[in-house]
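Now for the letters of each chain:
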Amino acid sequence: MHIQKDALQSVNTAGLDRHEAEFAFLADRLTADGVDVEALVGDLADFQVAIPSWALGAGGTRFGRFSFHGEPGSLEQKIDDVGVLHALTRAAGAVSLHIPWDTPTDYAAVKERAAGHGLSFDAINSNTFQDQAGAARSYKHGSLSATDEAVRRQAIDHNLEVIEIGGRLGSKSLTVWLADGTTFPGQRNFQRSLTQTEDSLRQIYAGMPADWKLYIEYKPYEPNFYSTVIQDWGTSFMLANACGERAYTLVDLGHHLPNSNIEQIVSTLMLKGKLGGFHFNDSKYGDDDLTVGSIKPYALFLIFTELVFGMRNNPQNPDPAWMIDASHNVKDPLEDLVQSLEAIREAYAKALLVDQESLAAAQADHDVVTCQELLQDAYRTDVRPLLQCARLNRGGALHPLRAYRQLGVRETLIRERGKNTVATGL
Ligand code: PSV
Ligand code: MN
């Protein structure tokens, strides 16, 4: 399905006057404070976040999965769903595929379909955390860290094949997340696992085209509960350095132990030019994969403040690859993704409003109170009129959620696909 421009415009009409009044009020205030509002809106409109192909159906937990009607039953339909999201929000201009869940059959058709929605293919993901039907070897006891050479070979070859698939679609980066680890003390030798993993990653790195990047994701626990081979940013950073210049760390917001200072991790990685990828989600307890900004919006703002500082001051760090990595167990996945995209842009906008010059001066004066005031003044600004303006300028919806419902998107998808389709993914 495609969102028709005329239909979107007519939905946008209601509420336009109110938006204009709210935007003018905010723009006046910000301009008086010395903010270049036009540039700010331009930065917001340019900020694009990739949507993972596995997040468009209902997610599940270890205890069950409740399907959602009208789920995309093929890669083509998933691309159409991202197309809908992008048409409404103008913030989701790329898709991130997970192989083999979403291996294309007709490459030209898939590329054309994506291009028809204005979408490109961002980082591609390998999967050695599940056994695939018909696979010769099992990853039950590890993949890139496996002691069994044949298993390790299979895992390396899978990654090389994923690079090949991504290359045919125009991707320029590979994300590796390993479930490898142990559930009981003594199960494996830590040093041997790490050495094998480093060797495997170096082989994968050597198999990448010269203009590709490798993102190494870390996670402290789950599915293993005693140890994980790539457990934290330090281990990922060390492995990225061992691979080479085009290997980077990937930060997933849900992959930290409670109360970790993620903004400081982000800051350190950017200073060292090694923050390559970023997965957005939110959590209360662990890797909960909840809607971005639904639990800890202030923490997200603080993280964005460091990201903005890094984007402005660390030319040694490439533009990170942004992606949402959430799971939708009780909400319509598309509505949930709209909420996440809005939360991301909101945190970004607020971070852009932080008066960095005054902050540096207050820091130099050890004026702790003013430091806090400067951050919180930006955080407390209602930036929603700016987000609306950025969207409208690019032909998106004034209120994406409202438009989604008024245009009857889910109802159309159910009519087209039926009630019982099931999307691939977790
Ligand atoms: C693992 O928890 C992870 O964050 C990795 O990025 C996987 O690719 C993704 O989730 C699968 O949902
Ligand atoms: Mn992730």
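Participant: Give a description of the overall build of the protein that names residues and reports values.
Facilitator: Scanning the protein from terminus to terminus reveals 16 helices and 13 strands. Taking the principal axes of its C-alpha atoms as reference, the protein extends roughly 65 × 60 × 40 Å. Across the 426 residues in the protein, those meeting the buried criterion constitute 46%. Relative to all contacts within the protein whose residues are 6 or more apart in sequence, the contacts with residues 24 or more apart total 79%.

Participant: Run through the confidence of the model for the protein, naming residues and quoting values.
Facilitator: For the protein, per-residue confidence averages 97 on the pLDDT scale, and 100% of positions sit at 70 or higher. The least confident element of the protein is strand β2 (residues 60-61), whose mean pLDDT is 85; the most confident is strand β9 (residues 213-217), at 99.

Participant: Could you give me a rundown of the nonpolar core, with the residues and numbers involved?
Facilitator: Among the nonpolar cores identified, the biggest contains 110 residues, and Val95, Leu214 and Ile216 are the most heavily contacted of them. The greatest single-element share of this core, amounting to 11 residues, is contributed by helix α11 (residues 333-352). Ignoring sequence-local partners within four residues, the contact set of Ile216 consists of Val176, Leu201, Ile230, Ser236, Leu239, Ala240, Ala247, Thr249 and Leu250.

Participant: Describe the pairing of β9, and please don't skip the residues or the numbers.
Facilitator: The buried count for β9 comes to 5 of 5 residues, which makes it a mostly enclosed element. The two faces of β9 match: Lys213, Tyr215 and Glu217 on one face and Leu214 and Ile216 on the other face are all buried. Pairing analysis gives 5 bridges linking strand β7 (residues 173-177) to β9, with the strands arranged parallel. By the bridge assignment for β9, Leu174 is matched with Leu214. Note: β9 against strand β11 (residues 247-252), 4 bridges, orientation parallel. Directly across from Glu217, in β11, lies its bridge partner Leu250.

Participant: If you had to explain the packing of helix α3 (residues 37-46) against α11 to someone new, which residues and values would you point to?
Facilitator: Running from N to C, α3 and α11 point in directions that differ by 145 degrees, and their axes come no closer than 10 Å. Helix-helix and strand crossings are classified by hand; for α3 and α11 the assignment is right-handed. Note on element contacts: α11 touches α3 through Arg345, Tyr348, Ala349 and Leu352, opposite Leu40, Asp43 and Leu44. Split by residue class, the contact of α3 with α11 holds 5 nonpolar, no polar and 2 charged.

Participant: Which residues make up the pairing of β7, and what values go with them?
Facilitator: By the criterion of burial, β7 is predominantly enclosed, with 5 of the 5 residues buried. Side chains of β7 alternate between two faces, with Ser173, Thr175 and Trp177 and Leu174 and Val176 buried alike. Here 2 bridges tie strand β6 (residues 124-125) to β7, and the two strands are oriented parallel to one another. Bridge pairing links Ile124 to Leu174 in β7.

Participant: Requested: an account of the environment of Thr182, with residues and values cited.
Facilitator: Position of Thr182 among the secondary structure elements: in strand β8 (residues 181-182). You can call Thr182 buried: it has 20 C-beta atoms within 10 Å. Sequence separation between Thr182 and Val95 is 87 residues; the distance between their C-alpha atoms is 32 Å.

What counts, and at which threshold
- Residues numbered from 1 in each chain as written.
- Chains lettered and ligands numbered in written order.
- Predicted model: local features only at pLDDT ≥ 70, side-chain atom pairs only at ≥ 80, totals over all residues.
- Helix = DSSP H or I, 4+ residues; strand = E, 2+ residues; numbered from the N terminus.
- Buried ≥ 20, exposed ≤ 12 C-beta atoms within 10 Å, placed from the backbone.
- Contact = placed C-beta atoms within 7 Å.
- pLDDT = per-residue confidence, 0-100.
- Core = buried A, V, L, I, M, F, W, Y, C linked by C-beta atoms within 7 Å.
- Pairing = 2+ DSSP bridges.
- Axes fitted to C-alpha atoms, helices over the stretch in contact; angles between N-to-C directions.
- Left-handed = near helix turned anticlockwise from the far one by under 90°.
- Nonpolar A, V, L, I, M, F, W, Y, C, P; charged D, E, K, R; others polar.

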